[in-house]
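Below are the chains, spelled out letter by letter.
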Amino acid sequence: MTLRGRAMRLTIIIGENDQWHHRPLYTELVHRAHAAGLGGATVLRGIEGFGKSSRIHTDRLLALTDELPVVVLIVSSEDKMRAFLPTVEELVAEGLVMLDPVDVVKYAARGDGA
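Cut-off values and rules
Residues numbered from 1 in each chain as written. Predicted model: local features only at pLDDT ≥ 70, side-chain atom pairs only at ≥ 80, totals over all residues. Heavy atoms only, no water. Helix = DSSP H or I, 4+ residues; strand = E, 2+ residues; numbered from the N terminus. Buried < 20%, exposed > 50% of the residue type's maximum accessible area, 1.4 Å probe, protein only. pLDDT = per-residue confidence, 0-100. Salt bridge = Lys/Arg side-chain N within 4 Å of Asp/Glu carboxyl O. Core = buried A, V, L, I, M, F, W, Y, C linked by side-chain atoms within 4.5 Å. Contact = heavy atoms within 4.5 Å.

**Some words on the side chain of S77**
Okay, step 1: Inspection of the secondary structure puts S77 in the loop between β7 (69–76) and α2 (78–91).
Okay, step 2: Among the residues examined, S77 registers a relative accessible area of 17% and is labelled buried.

And the structure:
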């Protein structure tokens, strides 16, 4: 896939313990994005955050927390991303889903010579 110029970034913030059929939800999202032929996906584990519940989740040693935030970032062309949104709606019951336009400056794999 070639990706340069205008694209879309899908940002999904969920809990690290969120599941889809006994599998981590972030894993399911990444695998579905890959199967859909999207440009790329990355999962980042947060160290602290809060959401609609207003409960602060943190990884500090003495803090009691049940789960930390996880951010799933996916970048692809607008048409592929919009086609993927129903899958996100199906999978994400709780969390935050954001879609915004981005300018891709470079998209290269190892060995591309770029």
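**Quick look at the confidence of the model for the protein chain**
Okay, step 1: Overall, the prediction assigns the protein chain a mean pLDDT of 88, with 87% of residues at 70 or greater.
Okay, step 2: Taking the mean pLDDT of every element in the protein chain, the minimum, 66, falls on strand β6 (residues 57–58) and the maximum, 98, on helix α1 (residues 25–35).

**Remarks on the pattern of salt bridges**
Okay, step 1: Tallied over the full model, the rule gives 7 salt bridges.
Okay, step 2: As a salt-bridge pair, D103 and R6 come within 3.0 Å of each other at their nearest N and O atoms. Taken together, the residues D103 in strand β8 (residues 96–104) and R6 in strand β1 (residues 5–15) connect sequence positions 97 residues apart.
Okay, step 3: Overall, the relative accessible area of 53% leaves D103 in the exposed class.
Okay, step 4: One salt bridge in this structure joins D100 and R9, with 2.9 Å as the shortest N-O distance. Remark: R9 occurs in strand β1 and D100 occurs in strand β8; sequence separation between them is 91 residues.
Okay, step 5: Accessibility expressed as a relative area gives 26% for D100, which makes it partly exposed.

**Digging into the nonpolar core**
Okay, step 1: Grouped together as the largest cluster of nonpolar side chains are 17 residues, with contacts concentrated most on I12, L29 and I74.
Okay, step 2: Going through the elements one at a time, β1, α1, β7 and α2 are the ones with two or more residues in this core.
Okay, step 3: Not counting residues within four places of it along the chain, the set of residues in contact with L29 comprises I12, I14, V72, F84, V88, L91 and V92.

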